[in-house]
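The residues making up each chain are set out below.
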Amino acid sequence: MAEALLTVMLENLNSLILKEFGLLWGVKKEMEKLSSILSTICAVLEDAEEKQLSDNKAIKNWLRKLKDVSEELGDILDECSMEASQMEYKRQRSRSTQKVQPCFTSWFNPINTFSRVKIAKRMNGVSDRLNEIANERVNFHLREVVHEDRSSQIRDKRQTGSTVVQQHVYGREEDRDNIVDFLVDNSNNCKDVLVYPIVGMGGLGKTTLAQLVFNDERVSRHFEIKIWVCVSEDFDVKRLIKAIIESASGRACDALDMNPLQKRLQNMLERKRFFIVLDDVWNEDQEQWESLKNVLSCGLNGSSILVTTRLKKVALIMGTISMHELSILSEDDCWILFKQRAFGNEIDERPNLVKIGKEIVKKCGGVPLAAKALGSLMRFKRDEKEWLFVMESELWNLPQHETSILPALRLSYFHLPVELRRCFAFCAVYPKDFKIEKQHLIHLWMANDLISSKGKMEVEEVGNETCNDLYWRSFFQDAEMDGSGNICRFKMHDLVHDLAQCIMEDECRIVEIDRPIDLSGVRHFTCNYSDQPFDMLCAFYKVKSLRTLMLLRNCPCRIEARKFPHCLYFHSLRAFGAKDSNLISISFLISNSKHLRYLNLSNTNIRILPKSICLLHCLQTLDVKYCPYLQKLPKHMSRLRNLRHFYITGCNSLHHMPPNMGQLTCLRTLSIFIVDRRRGCHVDELGSLNLGGSLSIQQLEKVKNPMEARKANLARKANLTILRLSWDGNESTAKSQEITEQVFEALEPPPTLEDLEIVNFKGRHLPHWFKNNATLQNIVSIRLYGCKNCSELPTALGKLPSLTYLELSHMKFVQYVDDETYNGGVQAQGFLRLKNPFISNLPTLERLSKVGRTEIFPCLSRLDIVECPKLTLHCLKSVQEIWIRECTEAILKSVSNLHTLTSLELSDNDDLASFPHGWLQNVSTLQSIHIKSFRKLQDLQSDMLVGLSALERLSITSCPMLECFPEGIFRASNSLTSIFVVDCVQLKSLSDSFGELTALRSLQLTGCPELEAFPNGLNHLASLQHLYFCGRPYGTSSQNLTVTPKLTALPEALQHLPSLQNLQISSFPNLEMLPDWLGNLTSLNSLWIERCPKLASLPPSIQQLTNLQNLGILEACQELVDRCEKEMGEDWCKIAHIPHVHVSPPIYHLTQEKTANFKCCFKFQVILRKGGAESAIAKAEDVGC
């Protein structure tokens, strides 16, 4: 990491030299001297960092001193940059006001003179210390690393062969079979040589898998020639051709020129089906690969090359098919590998060590190399304390000479370019298994000077490229993509995190707040705080050179520190994040952290940003999004000339912007701009800003004229991808409508826009650029909300080539979504890529399309409709899912037109007593029906489900007037697997045709208190696995039941359910006993009984349930609780064989002490205010208290 740090210092120093800052300030010689010393040290740093890994304490101390001095130099250079920026700003201001003399005379100001002398003195001090450190390097015999020599050394160390060196390989059988099957069965279809890449992080077993494939009998029979070559870092084509010849012939190859070598190899391979393994490839040069591939394109069809690599980029360059990403091993397979090494041939394993060993195996993260290495480490350790030490230690703290885990991963690290090394190592600031936000990480890299712009590439683009590069090199995994296919979040494997922590050592610390903390020497600190009170003063008083401080939220509770302590002083702090904390003031932190570049206060209770924030001249990122109480921003924010990203989304109490935001010319992200009529707050402030990402412009009704809107220059903001335009107010005169339309016309977005949202537009006509496909050619999503005066949508909307999502809401006069009249041909297809429209509160909407053609909406997969009383549906040939809220009889009748429908969800109707006859005919593809809140629905037709041969799921919820299921309704419903009947409070009986549901696996009956008996034939449900009875409607406490459930005993037919695995019984106050035939349910795995207060004992037959793993009796009567007490209760002998037993008393038996424990939680207080104490305690655990 020292190499990366010094490289940054050298870059910054040389940058200031080029700007002639040193000449201007009289420190040119000092700067040039520093540059020379740094260059000398940088030349040997790679060798020093490799040697320190062998626990060379002298070199470690030397590197530590070097880092300390480098960081001090970094602070000086930062201050120089600030001074240079201030000088440039004053020069520009004086030029604009033509006041040259004041700026000139300020140069001789005693304060400026003192600053120059002070900086020069500090530079001399740093230069002397660096010179001493540079002279010390001779003592360590450090040398400048020549990468060609290094590649040769690595290749010699990492030579691999085709022989499987392990006696048994676990967990890779499926991978091997899949690869072999493909090579043998499918490779003949490839005219060119097939290249099959295997990708995975170091230690995952790529080489072992390749060896298994290479030695498989099917591969040996299928291919005439098999060749194994270990490539490693040196992808020299001539060397590889010689290696292939030697592997194929079994003899050494004479040194020949390239041409005879190529001829010789082709003579060996032509007209043969060959199989070559290129193991451990690192080459990212496509031309080098093409030159080798061209030589190898001489065999018969089916000739194949298997490539193993850690780099996804290599797989993309070389592979002719999709890469085979090697997954981690299961914990069981890792345990077998560990056990073999740790216990050897011992017959008797010590149980205490086995238990600890299984915890140690969890550190392996599914990586076989780690399992083997840790097993070998424990081989000759038999003292339990030694095993506990390893279990409780981080991998990077274990002796490196005894484990090969991190050295294997470190090879990937040293293969990185220097600029990527420093970025990767910094990721140790995140906890393990943390979901890292890409933008957050890039901003932190920027704040710590780990990335900078390159030529025309902005620093953010460099950061994005760096993230992608680390992902393709397998340092990041589990990537999540945004709608455009770009990486937005990812994780690091635990072992990769260990590697980062090993590199950073004590510079980076992640701690739980409730643990003792020693932060001396820490540069980057993350508080992963738990529910203990957090005393910042005690935690940080020893910190001297902290550069990153992040407070992460790890539980629902809030930390106690509401204000940042005044005694703390972080002179070198670059980044501070307190997201989700309870901080309300950080004035002291800001006033004493002039180097601060990243400040994240999102989702805090802060009300006003202090004025002193305007003195943070280095600030690049300010994040205050979702601060609900933030009311005001500092007036002079225009002084933050280095600010690049300002996030204020979700600050609902904020109604004004600071003036002159247009002066922030470095700004690249401004999530919200609130228009005002005050000077400096007009929309034309956006004109000079090169904004990207997401922008929301609010209060557009305050724009005076279209000329002002045109000066916002939205059309030229090529990096803008999301745009939201919103108007407030209710005035809608003819004149105001005309101005609104002209303003909207002037706000034409750039053609790069992907997401557009319009809110409360008061005009009658959408702008002409809506009809211009060139303007909206890349638009993916459009939302029109509250455009009440628009009478129609532009016909061009259906011709947008990329539109996949459309939301229309609260538009009074729109009759058709697609108002086009088609005349045949290609143009007869509209909305070609639209997948999921959401249509809400369109009272006059009659049809989706004016012309009911099946060619329109060809890709529609889901349709959401809310309160569209006149709408009917024509044939939509691809729609699969539909949700209709406030549905009418007319739209229900048109459901039969949807012949491809698989999921139907209907909710909220206060009129229908029954469904229209035949409304589901012709919908034979339907798999799921959900009917909710039909408040007057009294009956279902007996033939409603006829013809629905694919139906798997039926849910009927909150239909209070429904009394019964008709006879025969389930006849021929052979595919139905799940039925949910919830809150049908008048339901008295189920259909006798229940017995014909031979495929039913899950049945839930909740909130049906009138249900007394179950139908005949229940014993025919041979597939039923999950059964849930609950007498209480959702959202109703047991004490508030208005109707007592009538069920007093379990139905006799239940004893004949051979497949039943899970049985839940809840809220039946009159259930007094469980039947003795309960023991017949031999497949039962889980039994939960809740809120049955009269149930006082358990039947003896429960002992026959030998497969029962979980027994829960919640809110039981005290007598039953006592009878089930462990080792003591009368019924304990009946349930002692069950592994997991949980028995709890009623809520009112909770002690005051337990209630008090709940009351310390903020969420509990909210629940308590809404209801009584008993219901609050009942819900406490559900919401995370």
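About the thresholds
Residues numbered from 1 in each chain as written. Predicted model: local features only at pLDDT ≥ 70, side-chain atom pairs only at ≥ 80, totals over all residues. Heavy atoms only, no water. Helix = DSSP H or I, 4+ residues; strand = E, 2+ residues; numbered from the N terminus. Buried < 20%, exposed > 50% of the residue type's maximum accessible area, 1.4 Å probe, protein only. Contact = heavy atoms within 4.5 Å. Salt bridge = Lys/Arg side-chain N within 4 Å of Asp/Glu carboxyl O. Axes fitted to C-alpha atoms, helices over the stretch in contact; angles between N-to-C directions. Parallel < 35°, antiparallel > 145°, perpendicular 65-115°, else oblique. Nonpolar A, V, L, I, M, F, W, Y, C, P; charged D, E, K, R; others polar. Core = buried A, V, L, I, M, F, W, Y, C linked by side-chain atoms within 4.5 Å. Pairing = 2+ DSSP bridges. Expected span 1.5 Å × (residues − 1). Arc of directions from axis to C-beta. pLDDT = per-residue confidence, 0-100. Phe/Tyr/Trp six-rings, centres within 6.5 Å; stacked < 30°, edge-to-face > 60°. Lys NZ or Arg CZ within 6 Å of the ring centre and 35° of its normal.

- Under an unreviewed UniProt entry, the protein has the name Disease resistance protein RGA3 and belongs to Rhamnella rubrinervis.

### Here we look at the overall build of the protein
And then number 1: Scanning the protein from terminus to terminus reveals 33 helices and 37 strands.
And then number 2: Residues counted as buried form 52% of the 1185 residues belonging to the protein.
And then number 3: Counted over contacts in the protein with a minimum sequence separation of 6, partners at least 24 positions apart contribute 65%.

### A short note on the pattern of salt bridges
And then number 1: With the rule as written, the count across this model stands at 42 salt bridges.
And then number 2: Linking lysine 293 and aspartate 192 is a salt bridge whose minimum nitrogen-to-oxygen distance equals 3.9 Å. In this pair, lysine 293 is assigned in helix α13 (residues 286-296) and aspartate 192 in the loop between α8 (173-185) and β1 (194-199), connecting sequence segments 101 residues apart.
And then number 3: By relative accessible area, which is 40% here, aspartate 192 ends up partly exposed.
And then number 4: Notably, a salt bridge pairs arginine 473 with glutamate 284, separated by 2.8 Å at the nearest N-O pair. With arginine 473 in the loop between α22 (459-472) and β7 (477-481) and glutamate 284 in the loop between β3 (274-281) and α13, the pair connects residues that are 189 residues apart, well separated along the chain.
And then number 5: Taking the relative accessible area as the measure of exposure, glutamate 284 reaches 23% and is therefore partly exposed.
And then number 6: Bridged by salt links that share partners, the residues Arg176, Asp177, Asp181, Asp216 and Arg218 form one connected network.

### Some remarks on the packing of helix α12 (residues 258-269) against α13
And then number 1: For the pair α12 and α13, interaxial distance at closest approach is 9 Å and the crossing angle is 45 degrees. When the axes of α12 and α13 are compared, the pair comes out oblique. Contacts from Gln262, Leu265, Gln266 and Leu269 of α12 reach α13 at Asn294, Val295 and Leu296.
And then number 2: Residues belonging to the contact of α12 with α13 are distributed by class as follows: four nonpolar, three polar and no charged.

### Comments concerning the nonpolar core
And then number 1: Counting residues in each nonpolar core, the largest one holds 187 residues, and the members touching the most others are Phe576 and Phe646.
And then number 2: Among the nonpolar cores identified, the runner-up in size contains 87 residues, and Val367, Leu416, Leu444 and Val496 belong to it.

### Quick word on unusual backbone geometry
And then number 1: Although it is not a glycine, asparagine 713 adopts a positive phi angle of roughly 60 degrees.
And then number 2: Its place among the elements puts asparagine 713 in the loop between α26 (706-710) and β19 (719-726).
And then number 3: With phi around 60 degrees, serine 1067 is a residue other than glycine that occupies positive phi space.
And then number 4: Tracing the sequence through the fold places serine 1067 in the loop between β34 (1062-1066) and β35 (1086-1090).
And then number 5: Residue classification places serine 1067 among the buried positions, given a relative accessible area of 2%.

### Some words on the sheet that holds β7
And then number 1: Judged by pairing direction, the sheet is antiparallel, and its three strands sit side by side in the order β6-β8-β7 without closing on themselves. Since the sheet does not close on itself, it has two edges, and those belong to β6 (436-437) and β7, each with one partner.
And then number 2: In the sheet, β7 pairs with strand β8 (residues 487-491) via three bridges, with the strands oriented antiparallel. Paired with glutamine 477 across the bridge in β8 is lysine 491.

### So, the sheet that holds strand β5 (residues 324-325)
And then number 1: Read across the sheet, five strands follow the order β2-β3-β4-β1-β5 without closing on themselves; strand pairing throughout is parallel. The sheet is open, and its two borders are formed by β2 (225-232) and β5, each paired with just one other strand.
And then number 2: Sheet strands touched by helix α9 (residues 206-214): β1, β2, β3 and β4 (304-309). Its angle to β2, the strand with the most contacts, is close to 170 degrees.
And then number 3: The sheet contacts of helix α11 (residues 237-249) involve β2 and β3, and relative to β2 the element is tilted by about 145 degrees.

### A word on α8
And then number 1: The end-to-end C-alpha distance of α8, which contains 13 residues, comes to 18 Å, matching closely the 18 Å that a straight helix rising 1.5 Å per residue would cover.
And then number 2: For α8, the set of buried residues is Asp175, Ile179, Val180, Leu183 and Val184. All buried residues of α8 lie within an arc of 145 degrees about the axis, which places them on one face of the element. Opposite the buried face of α8, at more than 90 degrees from it, the exposed residues are Glu174 and Asp185.
And then number 3: Those residues of α8 hidden inside the fold are in contact with β1, α9, α10 (217-222), β3, β4 and β5.

### Remarks on the pairing of strand β33 (residues 1026-1030)
And then number 1: Of all five residues in β33, four are buried; the element is thus mostly enclosed.
And then number 2: With five bridges connecting them, strand β32 (residues 1002-1006) and β33 associate as parallel partners. Note on β33: the bridge partner recorded for threonine 1006 is cysteine 1030.
And then number 3: Both β33 and β34 contribute to a ladder of five bridges, which runs parallel. In the strand pairing of β34, cysteine 1030 is matched with serine 1066.

### Some details on the side chain of serine 1002
And then number 1: Position of serine 1002 relative to the elements: it lies in strand β32.
And then number 2: Apart from residues lying up to four places away in sequence, serine 1002 is in contact with Thr977, Ser978, Ile979, Phe980, Leu1024 and His1026.

### Digging into the pairing of strand β28 (residues 903-909)
And then number 1: With five of seven residues buried, β28 lies mostly within the body of the structure.
And then number 2: Of the strand pairs in this sheet, strand β27 (residues 881-885) and β28 are connected by five bridges, and their pairing is parallel. Looking at the pairing, tryptophan 883 lines up with glutamate 905 of β28.
And then number 3: Taken together, the six bridges between β28 and strand β29 (residues 928-934) define a ladder with parallel strand orientation. Bridging from a neighbouring strand, serine 907 pairs with lysine 932 of β29.

### Quick word on the confidence of the model for the protein
And then number 1: On average, residues of the protein score 82 in pLDDT, and 83% of them are at 70 or above.
And then number 2: Overall, residues 100-111 carries pLDDT values under 50, and its contacts beyond four positions in sequence, including any with other chains, amount to twelve contacts.
And then number 3: Residue range residues 1037-1041 is modelled with pLDDT below 50. Its contacts to residues more than four positions away, or to other chains, number nine contacts.

### Let's talk about the packing of aromatic side chains
And then number 1: Under the counting rule described, the total for this entry stands at 25 aromatic pairs.
And then number 2: Centroid distance tyrosine 471 to tryptophan 472: 5.4 Å. Interplanar angle 65 degrees. Geometry classified as edge-to-face.
And then number 3: Here tyrosine 471 falls in the buried class, since its relative accessible area comes to 13%.
And then number 4: With a centroid separation of 5.0 Å and 15 degrees between ring planes, the pair formed by phenylalanine 831 and phenylalanine 857 is classed as stacked. Of this pair, phenylalanine 831 sits in the loop between β23 (816-818) and β24 (836-840) while phenylalanine 857 sits in the loop between β25 (847-849) and β26 (862-866), placing them 26 residues apart in sequence. In terms of burial, phenylalanine 831 and phenylalanine 857 fall into one category: buried.
And then number 5: An aromatic cluster is present here, built from Trp727, Phe744, Phe761, Trp769 and Phe770 joined pairwise through their rings.
And then number 6: Stacked on the ring of tyrosine 471, the Lys or Arg lysine 312 has its end atom at 4.4 Å from the ring centre.

### Remarks on the environment of tyrosine 816
And then number 1: Take tyrosine 816: it is sitting in strand β23.
And then number 2: Remark: the alpha-carbon pair of tyrosine 816 and leucine 845, spanning 29 residues in sequence, is separated by 5.9 Å.
And then number 3: In this structure, tyrosine 816 is in contact with Leu793, Leu845, Glu846, Arg847, Leu848, Ser849 and Lys850, ignoring residues within four places of it in sequence.

### A few points about the environment of glycine 995
And then number 1: You can see glycine 995 is positioned in the loop between β31 (978-982) and β32.
And then number 2: Glycine 995 sits in the buried class, given a relative accessible area of 11%.
And then number 3: If we ignore the near neighbours within four places in the chain, the residues touching glycine 995 are Asn1016, Gly1017, His1020 and Leu1021.

### Digging into the environment of glycine 692
And then number 1: Along the polypeptide, glycine 692 turns up in strand β18 (residues 692-698).
And then number 2: With 27 residues separating them along the chain, glycine 692 and asparagine 719 place their C-alpha atoms 4.2 Å apart.

### Here we look at the side chain of threonine 308
And then number 1: Along the chain, threonine 308 turns up in strand β4.
And then number 2: Excluding its chain neighbours within four sequence positions, the residues that come into contact with threonine 308 are Ile198, Lys206, Ala210, Leu278, Asp279, Asp280 and Val281.

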